[in-house]
Amino acid sequence: MTRIDDLPIRDELRGKSPYGAPQLTVPVRLNTNENPYPVPEPLVRRIAERVTDAARSLNRYPDREAVRLRTELAGYLTRTTGFPLDHDRVWAANGSNEIIQQLLQAFGGPGRTALGFDPTYSMHALISRGTGTRWVSGPRRPDFTVDLDVAVATIREHRPDVLFVCSPNNPTGTAVAPETVLALYEAAQEARGGAGALVVIDEAYAEFSHRPSLLPLVEGRPTLVLSRTMSKAFGAAGLRLGYLAADAAVVDAVQLVRLPYHLSAVTQATALAALEFADTLLGYVEELKSERDRVVAELRALGCDVTDSDANFVQFGVFDDAAAVWQRLLDRGVLVRDYGIAGRLRVSTGTRPENDAFLEAMRTVVKDLENDRHDRTDRNEKAEDNR
Ligand SMILES: *Cc1c(COP(=O)(O)O)cnc(C)c1O
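Cut-offs and rules
Residues numbered from 1 in each chain as written. Predicted model: local features only at pLDDT ≥ 70, side-chain atom pairs only at ≥ 80, totals over all residues. Heavy atoms only, no water. Domains from an automatic or database assignment. Buried area = accessible area lost by both parts, 1.4 Å probe. Salt bridge = Lys/Arg side-chain N within 4 Å of Asp/Glu carboxyl O. Helix = DSSP H or I, 4+ residues; strand = E, 2+ residues; numbered from the N terminus. Nonpolar A, V, L, I, M, F, W, Y, C, P; charged D, E, K, R; others polar. 1 Å grid on protein atoms, 1.4 Å probe; cavity = no way out; pocket = protein on both sides within 12 Å on 5 of 7 lines; lining within 4 Å. Points joined across faces, edges and corners; volume = space filled by probe spheres on them.

**Observations concerning the domain arrangement of the protein chain**
Move 1: Looking at the assigned domains, one finds that the protein chain contains domain 1 (23-37 + 280-381) and domain 2 (41-276).
Move 2: Taking only C-alpha atoms, the centre of domain 1 and the centre of domain 2 are 28 Å apart.
Move 3: With both sides pooled, the region where domain 1 packs onto domain 2 buries about 1,900 Å², and carbon together with sulfur makes up 60% of that total.
Move 4: On inspection of domain 1 and its partner domain 2, the count reaches zero salt bridges.
Move 5: Of all the secondary-structure elements, those providing two or more residues to the side of domain 1 that touches domain 2 are helix H9 (278-301) and strand E10 (313-317).
Move 6: Across the side of domain 1 that touches domain 2, the residue classes tally to eight nonpolar, six polar and seven charged.

**What about the layout of surface pockets?**
Move 1: The space that makes up the largest pocket amounts to roughly 520 Å³.
Move 2: Taken together, 23 residues form the lining of the largest pocket, with Tyr19, Thr32, Tyr121, Lys232 and Arg240 sitting closest to its centre.
Move 3: Here the element with the most residues in the lining of the largest pocket is helix H3 (residues 95-107); it accounts for three residues.
Move 4: Taken together, the residues of the lining of the largest pocket break down into seven nonpolar, ten polar and six charged.
Move 5: No fewer than three residues from each of domain 1 (23-37 + 280-381) and domain 2 (41-276) sit in the lining of the largest pocket.
Move 6: Within this model, the second largest pocket holds a volume of roughly 370 Å³.
Move 7: As for the second largest pocket, its lining consists of 17 residues, of which Val318, Phe319, Asp320, Leu369 and Arg373 are closest to the centre.
Move 8: Those elements that place two or more of their residues in the lining of the second largest pocket are helix H10 (322-331) and helix H11 (352-386).
Move 9: With six residues, H11 is the largest single contributor of residues to the lining of the second largest pocket.
Move 10: Looking at side-chain class alone, the lining of the second largest pocket contains eight nonpolar, two polar and seven charged residues.

What follows is the structure in C-alpha cells.
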C-alpha cells in the first residue's frame with residue numbers, strides 16, 4: 001500500500017494529519033460548535049425555490065463577483081452593527097476558512113509570517129502552513145485573555161505580515177476588547193515600518209457575544225479585516241459560506257488569488273435565501289445565548305473552572321485527566337471536544353434538552369470522580385496504617 005510519505009509531497013506536510021473532530025454517531029453531539037437547530041421549514045422551502053431558479057441557468061457560470069449576495073451580506077452587517085457598508089467592502093467565499101486561505105494567499109506565503117495567540121482556532125496555523133506561511137504561536141495569560149504587553153513584544157520580535165485576532169476566541173470563548181485590538185493593530189503596523197501588516201479579526205462567533213461587533217474598527221484602517229461565517233449564527237455549517245468586511249482594496253486584492261467562479265450559483269442562491277430569514281435565525285441565537293449562560297452557571301455550581309464565554313460553546317475544567325472525562329461523557333452518550341489543552345474540555349451549546357443531558361452526565365461524572373478520589377485517599381490511608 002502506498003503511504004502519503006511515499007509520495008513526492010511537500011516536506012512541511014509530511015507526517016501531518018488532516019484537521020477534523022471525530023464525527024461519531026451519539027445521541028448528544030456537542031463537539032463542533034454547530035447550531036443545534038435544524039433549518040426552519042419555511043426557509044427550507046425558500047431555499048428550494050431559489051435553488052430551483054438557479055438550476056435553470058446552471059449551463060452558465062455563476063456571477064463571478066457574487067454582487068447580489070455581497071450586497072445582502074453588507075446590508076446584514078449594516079443592520080446588525082449600525083456600521084454602514086456597501087458590497088465593494090464585502091467579499092464572500094466557501095466558508096470563512098476559504099476567506100482565510102485567500103487572505104493568506106494574497107498577504108502571506110513563502111518568506112512571510114503569520115502570528116496568532118494560542119490556544120486559538122487551529123485552522124489559522126494549518127492554512128498558514130498550507131500556503132507556505134511561517135506560523136508563530138503567541139501566548140495567552142493563564143485565564144486565556146491576551147496579555148497586551150507580552151503580545152506587543154511578540155509582534156515586535158517576529159514582525160508578522162499577517163496577525164490573527166480571534167474574538168470571541170475558539171476554543172476558549174474569550175472576547176478581545178476593542179482597545180486591545182487597536183493596540184495590537186498599531187504594534188503590528190509599527191513593527192513592519194512602512195510596509196504595514198494585515199490584521200485579521202476572526203469574528204465567527206460575533207452574534208453570540210455580550211459585546212458589540214469589532215466591525216467599526218475597519219474604518220480608516222485599510223489593513224484591518226473582519227471575517228465572518230454563516231456556519232454558526234445562521235445555522236448553516238453545511239452551506240459553506242464565509243465573508244469578510246474590509247477596505248475595498250482588500251476585496252480587490254483577494255480577487256487576485258480567488259479561483260474564478262469559486263462560489264457556485266447553488267451556494268449563492270442558498271445563502272440569499274438564508275439571509276432573507278436572518279431575523280428568525282437571530283431569534284435562535286438569543287435562545288442559545290441564554291442557554292450558554294445557563295451552562296456556564298451550572299458548571300460553576302458543580303465546582304468546575306469555567307472560562308467566561310462570548311461564543312456558542314463553553315470551555316471547562318480543570319480535570320486531572322481531561323481525556324478520561326471526555327470518555328466518561330461519551331459513555332453517557334454526550335460528545336464534547338478534547339483539543340489537547342491540559343485539563344480542559346469544550347462543550348458546544350445545544351438545545352435545552354441537549355444541554356440538560358450534558359449537565360446531568362456531568363453531575364454523574366463529577367460525583368464518580370469524587371468517589372474515585374475518596375477511594376484512593378482511603379486506600380492510601382490504609383497503606384499508611386499498615387506500614
Ligand atoms: C467555526 C469557525 C469558523 C468557521 O469556518 P467556516 O469555514 O466558515 O465553517 C471560522 N473561525 C472560527 C474561529 C471558527 O470557530
